[in-house]
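# Structural description and commentary
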Amino acid sequence: MRAGFVIRKVVGALSTLAFVVVFNFFLFRIVNRDPVNSMFRGRNLKPEKLEELRRKFNLDGSKWDQFVAYVRQLLHGDLGYSLKGSRPVATVIGEALWPTVLLVGTSTLLAMIGITLGYRAGWRRGSAFDTTATSFSMLTYSMPEFWIGMVFLGFFSAKLGWFPVGGLEDPGSHASGLSKWLDELHHMMLPALVLGIAYVGEYMIVARSAMIETLNEDYLQLARAKGMREDEVRRRHAVPNARLPVVSLSAINFGFIFGGAIAVESIFSWPGIGQATYLAVRGPDLPMLQGLFLLISAGVILANLVADLLYGKLDPRVLGR
Amino acid sequence: MKGRSWGIAIAVAALGALIGTVQVTGSATASGAEAPGSTVTLTVGLQQDLDSPNVTAGYLVSSYELWNLQYATLTDKAADDFATIPGLAEEWTASEDGLTYTYTRRDGLKWSDGEPLTAEDVAWTINTSRDQEWINHSATTANLTATALDDRTVEITTSVPDPKLPIMDVYILPKHIWEGPAAGDITTYEALDGVGSGPFTLQEWKPGQEWTMVANPNYWKGRPAIDQVVFRLYTEGGAMVAALENGEIDAAHDVPADLFVEMQGRDDIVTIAGEQGGFTELAMNGMQGGLGDGHPALLDLNVRHAVAHAINRDELFERVALSIGTQRDTLGVSANTEWNPEIPEDQQLNYDPAAANQLLDDGGYLDTDGDGVREMPGGGQKLIFRYAERSESSQSAGIRELVTGWLAEVGISTEVSVYDDTQLTDVIAAGEYDIFVWGWTPFVDPDPLLSYFTCDQVTTDVESPLYNDANWCSDEYDALYVEQNQELDHARRVDLVHQMITLFHNEATYVVLYHDADTQAYRTDRFEGWLRQPAGVGPVLFSNTSPTYFNLRPIGAGSGGEDDDMSTGMLILLIAGGVVVVGAIGYFIMRSRSRRDEKE
C-alpha cells in the first residue's frame, strides 16, 4: 500500500477529530447555562461555595476561557468532572467501555451470520431459501430494537424467569474467574440476542444485493467454463468481489460499538456506554455528554480509517484515487 | 493439508471449551449452593446510582441512603415521629442561655475498622465542616463550635439561638480516615474506605450497577440481622418491577406510578406511598426583586385567588398523581406532619370557577373584544400568562393539559414553555415567567424551607439567584420567620409556623397542588420488620434516617439468597453453547474435507 495514501487518510481522520473537538464544545454551550444553581437548589450554600463549584466544573470565565481550559485538559487526557457524582468523566467512561465492547461486539459478531446468509441468498436468487431469508431479514430489520428488547424481557425474564432482568452479573456477586464469566454470559444472553437480531437483517440485505451485482460478471462464466464447481465459483470468485460494501458496513458498525446501544443497554440495565449516555441525557450531564460524544465520534472516525485502509488492500484501484 | 489441520485444531479447541464449560458450571452451582445459608442479603432496586460516596461531594438522594446507613449521628430520630432520641450520645445537657450543649457519648464506641470513636471525631467533624463549608453539613454547623472536653464529652456552642438544638443529626466522620483528604481538596476523595459507625458500611461500589453494604459488627445497637444490603440499579422502571416480581430483588424504590397502582392489593407484594412533606406547586411571579417582566395582573391578590379557584385540585390528584400522595393545599415544610396547619374553611381556595370569574369581573379584568381572553382593567394588555414547566417531571404534561384548560375557562390564556431544570432555574432567576410548576422536598426541621420565602431570599441579581422563586415576600412573614427561628418553646414554635404557612397560603403566590409520595414496594416472603418513618404515612426506604434496615429480620430459610438449582436460562445457555460448538466443529470438518477434495 502506498505511504501517501495512508498518510492522506490518517491526516483526514485527525482533522475530522479536531473538528469534532471544537464542534462538540460549542454545541453544548449554545444555550447559556449554569447547572450549579439547580444542582444545589435549596442547600443554602454561600455564593463563594457556588463559585468554587463552578470552577470545579469548568463553568467560570468566558466561553473562550472555558474552551482553552477544555482543550488543555483534553490534551492531558482529562475530560473534566461529571455533574452527577463529581467523578472524572474519563473514569466513568472507562468503567462503561468494557461492558459495551463485550455486548455490542458479541452481538455484531452474531449478526455477521447475516453476511453468509446474504451471500447464499443472493447466489440463489429467487429460491425458497432466498425468499425465506429475505423475509426474515426484512422483518427483523424493521423491528425497533427497544421493542424486541421489551418483548424478550417481558417473556423470557419476567414471565418464564429464564434470564435475569438486567445488569452485568447477579446482585452482590463476588464471583471470580470462570463462574463470573458464566454469570456475565447468562446476563448478556438476552441483550446480545436482541441486538444480534436487530442487526442481522441489515448485514443480510447488504450482502445479498452485493452478491446479486456480481452474478452476471464475465469472470464467473469463465470460472464455470474452466469446470469449477458452483460452490467454488461462489466462494472464490463471487464472494471476494461482493465484499466491499459489506466491509464498509461492518467497519461503521464496529465504530458504533463504542457508542453502545442506548435503547438495549437501558432496557437491560447494562452498565455500558449506552446506559451512561441515557443517564447523561436524563440529567442532563453536559461534561459527561461531551466526553461520550467525543468517544463515539472518535470510534466512528477510527473505524472509517480502518475501512479506508482495508479498501486499499481489498481493491488496489482505490489507491490511485 | 493446511486447511484440514486448521479445522481439526479448531474442532479440538472447541471440544475442549465445551468440556471446560460443563466443568465450570458444576463448580458455579456448587459455590452458589453454599452462599444462601451463610449470607443473608437484602436487595433493593432503585433507578438512581450513587453520585459519590463522599459526603462532602455527593448530593443525590441515593447517596443519603448510603450515609444514613454508614454514619451514625450524635442524636437520632425516632422512626414513628422523629422525636429526638439518643444516638452516639447517650445524654446531653443545655446551658441556661440555650447556647451551649454538652453531649456525652456512649461508652466503648468503635468505628467499623475497630478504631475507638471519640469526642475528638465529633469535634473535628463539626469544626472542619464549618470551616470548609461541606455541602451537606454546613447548613447545620455554620454557627457551631465544638470542643472535646475529654474522650467522651463534647461541648457544642452556637453563636445564635438555634431551636434545632439539641438535635445533632450531622454525619460524624472518622477523623483518622478523613484528616488526610481534608488537608487537600476533600471533595475529590473517593471515600471507598467503608469505615463508619452506622449499621452497615460500604463494601463495594460498581458504578452503573450496584453498591453493596455489609453489616457493621461494631454498631452501637449490635450487629444487624442481615449480613449485607445490595442496592441494585435499574435504568428502566418496568424492568425493576419485573425483577421484584421475579424475586431477583426484595424491595423497590421509585416504582413508576402506573405500575405502582397495578401492584396495589397483591398478596405477595406490599406497596407503600411514602410521604415526606414533598409537594408540587403552581407558582406565580410576585416580582418583588425588580427583575424580569412578570405579568402586572399577578400583583393583584384577586387575580392570584382567581387562578387558585380555577384549578380543580381533586381532579389533578386523581388523574395526574393517580391518587398517590395526599390532597393538601399548604406548603410541606417538614417530613413530620405536626407542622401542617388546617386552613379555616372560609380561607380555603377551592375549585370554584364561578368565584374565579366573579373575582376577575369585579377587578375589571374583562374580555372587551370577545376573543375569550380577558384584558387588564380599562383594556390593554391581555391576560396571557407564560407557563413554564419541567421536562424532568413525568407529571408536568398532565398538569399543564388540565390547568391551562381550566384557566382558559375563566378567560386566562397561557403560552407554554418546557425547560430542563437548569434552564428553568435561569428563567426564574431572571424573573422572565408568569407561572411555573415545580416542587420542593423539605427536611425534618421546617426552618430551611420556611427560609426560602423570606425577603432575604428574593433574587435581585440575575448572576446570584436565591431561593425565593416566586419573588414574593412580606414583612409580616419575615417577622414570624425570625420569631420561630429563635423560639425554644416547641408548642409555641409549631403555632408560629402554622401562622406562616397559613399566611403564605392566603397570599396564593404558590398554589400547592398536592403532596407527593415516594412509590415503594417490597415482597412479603423475604423479610419482616419494615418501618415507615413517620409511622403510618412515611416511606420504608429512603426515609429521613432509614431505620428499616436495622429492624429487618429474614423470614424462614433461604431469604434473599440465590436458587440452588441451575437456572433454566443457564441450561439454555449451555445447550446453545453446545450447539454452536458442535456446529462449528461440523462446519470446519466439512470445509476441510471439501478443500481436500478440491486439491485432489
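Residues numbered from 1 in each chain as written. Chains lettered and ligands numbered in written order. Predicted model: local features only at pLDDT ≥ 70, side-chain atom pairs only at ≥ 80, totals over all residues.

## Focus on the overall build of chain A
Each helix and strand counted, chain A has 15 helices and 0 strands in total. Taking the principal axes of the C-alpha coordinates as reference, chain A spans close to 85 × 55 × 35 Å. Taken across its 321 residues, chain A has 39% of its residues classed as buried. (Helix = DSSP H or I, 4+ residues; strand = E, 2+ residues; numbered from the N terminus. Buried ≥ 20, exposed ≤ 12 C-beta atoms within 10 Å, placed from the backbone.)

## So, the pairing of strand 14 (residues 384-390) of chain B
All names here are of chain B. The pairing of strand 14 with strand 15 (residues 413-419) spans 7 bridges and is classified as parallel. What sits directly across from glutamate 389, in strand 15, is valine 418. With helix 11 (residues 396-409) bridging strand 14 and its parallel neighbour strand 15, the resulting β-α-β unit is right-handed. The pairing of strand 14 with strand 16 (residues 435-440) spans 2 bridges and is classified as parallel. For alanine 388, the partnering residue across the bridge sits in strand 16 and is phenylalanine 436. (Pairing = 2+ DSSP bridges. Right-handed = clockwise from strand over helix to strand, strands pointing away.)

## Structural notes on helix 5 (residues 175-183) of chain B
All names here are of chain B. The complete set of buried residues in helix 5 reads Lys175, Trp178 and Ala182. For helix 5, the angular spread of the buried residues around the axis is 80°, confining them to a single face. Pointing more than 90 degrees away from the buried face of helix 5 are the exposed residues Gly180 and Ala183. Those residues of helix 5 hidden inside the fold are in contact with helix 3 (119-132). (Arc of directions from axis to C-beta. Contact = placed C-beta atoms within 7 Å.)

## Details of the interface of chain B and chain A
Between chain B and chain A, the residue contacts involve 53 residues of the former and 52 residues of the latter. Elements that contribute at least two residues to the side of chain B that touches chain A include exactly helix 1 (2-38), strand 1 (41-46), strand 9 (210-215), strand 10 (228-233), helix 6 (237-246), helix 12 (421-429) and helix 17 (568-599) of chain B. Take the side of chain B that touches chain A: its biggest share by element is 6 residues, from helix 17 of chain B. Among the residues making up the side of chain B that touches chain A, the classes are represented as 21 nonpolar, 20 polar and 12 charged. (Nonpolar A, V, L, I, M, F, W, Y, C, P; charged D, E, K, R; others polar.)

## Regarding the pairing of strand 8 (residues 200-206) of chain B
Residues and elements named next belong to chain B. Strand direction decides the pairing type here: strand 8 and strand 9, joined by 6 bridges, are antiparallel. Within the sheet, the bridge partner assigned to lysine 206 lies in strand 9 and is glutamate 210. Taking the residues between adjacent antiparallel strands as the criterion, strand 8 and strand 9 are bridged by 3 residues, where glycine 208 takes a positive phi near 80°.

## Examining the sheet that holds strand 9 of chain B
All names here are of chain B. Strands sit in the order 8-9-10-1-11-18-12 across an open sheet of 7 strands; the sheet is mixed. The sheet terminates laterally at strand 8 and strand 12 (269-274), the two strands that pair on one side only. Direction aside, neighbouring strands of the sheet carry axes that sit 20° apart on average. Of the pairings in the sheet, the one linking strand 11 (residues 251-253) to strand 18 (residues 518-523) comprises 3 bridges and is antiparallel in character. From the neighbouring strand, alanine 252 faces strand 18, where its bridge partner is alanine 521. In this fold helix 2 (residues 61-70) packs onto strand 1, strand 8 and strand 9, with an angle of close to 140° to the strand it touches most, strand 8. (Axes fitted to C-alpha atoms, helices over the stretch in contact; angles between N-to-C directions.)

## What about the domain arrangement of chain B?
All names here are of chain B. When cut into domains, chain B gives domain 1 (75-186) and domain 2 (279-516). For domain 1 versus domain 2, the distance between C-alpha centres works out to 38 Å. Of the residues lining the interface, 8 residues belong to domain 1; the matching set on domain 2 comes to 11 residues. Of the residues that constitute the side of domain 1 that touches domain 2, the class distribution is 4 nonpolar, 1 polar and 3 charged. (Domains from an automatic or database assignment.)

## So, the environment of Ala321(B)
All names here are of chain B. Its location among the elements puts alanine 321 in the loop between helix 9 (313-319) and helix 10 (353-362). Along the primary structure alanine 321 and glutamate 275 are separated by 46 residues, whereas in three dimensions their C-alpha atoms are 13 Å apart. Not counting the four nearest positions on each side in its chain, alanine 321 is found in contact with Leu316, Gln395 and Tyr514.

## Observations regarding the sheet that holds strand 5 (residues 100-105) of chain B
Residue and element names in this part refer to chain B. Taken in spatial order, the 4 strands of this open sheet run 4-5-7-6, and their pairing is antiparallel. Since the sheet does not close on itself, it has two edges, and those belong to strand 4 (89-94) and strand 6 (144-148), each with one partner. Between one strand axis and the next, the sheet turns by 20° as a mean value, whatever way the strands run. Bridge analysis of strand 4 against strand 5 gives 5 bridges, and the strand direction is antiparallel. Paired with alanine 94 across the bridge in strand 5 is tyrosine 101. Set on the sheet, helix 3 makes contact with strand 5, strand 6 and strand 7 (153-158); between it and strand 6 the angle comes to about 155°.

## Description of the packing of helix 8 (residues 145-159) of chain A against helix 9 (residues 177-214) of chain A
Residues and elements named next belong to chain A. Helix 9 packs onto helix 8 with a crossing angle of 145° between their chain directions and a minimal axis gap of 9 Å. By crossing handedness, the relation of helix 8 to helix 9 is classed as right-handed. Touching Glu145, Ile148, Gly149, Phe152, Leu153, Phe156 and Ser157 of helix 8 are Leu190, Val194, Leu195, Ile197 and Ala198, all from helix 9. Considering only residue class, the contact of helix 8 with helix 9 consists of 9 nonpolar, 2 polar and 1 charged. (Left-handed = near helix turned anticlockwise from the far one by under 90°.)

## Let's talk about the nonpolar core
One finds Ala207(A), Ile172(B), Val229(B), Val307(B), Ile435(B), Phe436(B) and Val511(B) to be the most contacted residues of the largest nonpolar core, which totals 192 residues. In terms of residue count, the dominant contributor to this core is helix 9 of chain A (17 residues). Here this core gathers at least three residues from each of two domains, domain 1 (75-186) and domain 2 (279-516) of chain B. Those residues in contact with Val511(B), other than ones at most four positions away along the chain, are Glu281(B), Leu282(B), Val307(B), Ala308(B) and Ile311(B). With 20 residues, the next largest nonpolar core counts Val36(A), Leu53(A), Leu83(A) and Ile93(A) among its residues. (Core = buried A, V, L, I, M, F, W, Y, C linked by C-beta atoms within 7 Å.)

## Details of the environment of Asn143(B)
Residues and elements named next belong to chain B. By the secondary structure assignment, asparagine 143 is in the loop between helix 4 (138-141) and strand 6. For the pair asparagine 143 and glycine 586, spaced 443 residues apart in sequence, the C-alpha to C-alpha distance is 78 Å. Excluding anything up to four places from it in sequence, asparagine 143 contacts Thr158, Ser159, Val160 and Asp162.

## Here's the deal with unusual backbone geometry
Residue and element names in this part refer to chain B. A cis amide bond links leucine 165 to the next residue, proline 166, at an omega of 15°. If you trace the backbone, proline 166 turns up in the loop between strand 7 and helix 5. Proline 534 follows glutamine 533 through a cis peptide bond whose omega is 0°. One non-glycine residue, glutamate 133, adopts positive backbone phi at about 50°. In this fold, glutamate 133 is placed in the loop between helix 3 and helix 4. Of note, the phi angle at aspartate 254 is positive, near 65°, even though the residue is not glycine. For aspartate 254, the position within the fold is in the loop between strand 11 and helix 7 (257-263).

## Notes on helix 6 (residues 113-123) of chain A
Helical geometry: 3.6 residues make up each α-helical turn, so side chains three or four residues apart lie on a common side. Burial analysis of helix 6 of chain A places 8 of its 11 residues in the buried class, which makes it a mostly covered element. Looking at the packing, one finds that the buried side of helix 6 of chain A touches helix 5 (89-111), helix 7 (128-142), helix 9, helix 11 (230-241) and helix 12 (243-256) of chain A.

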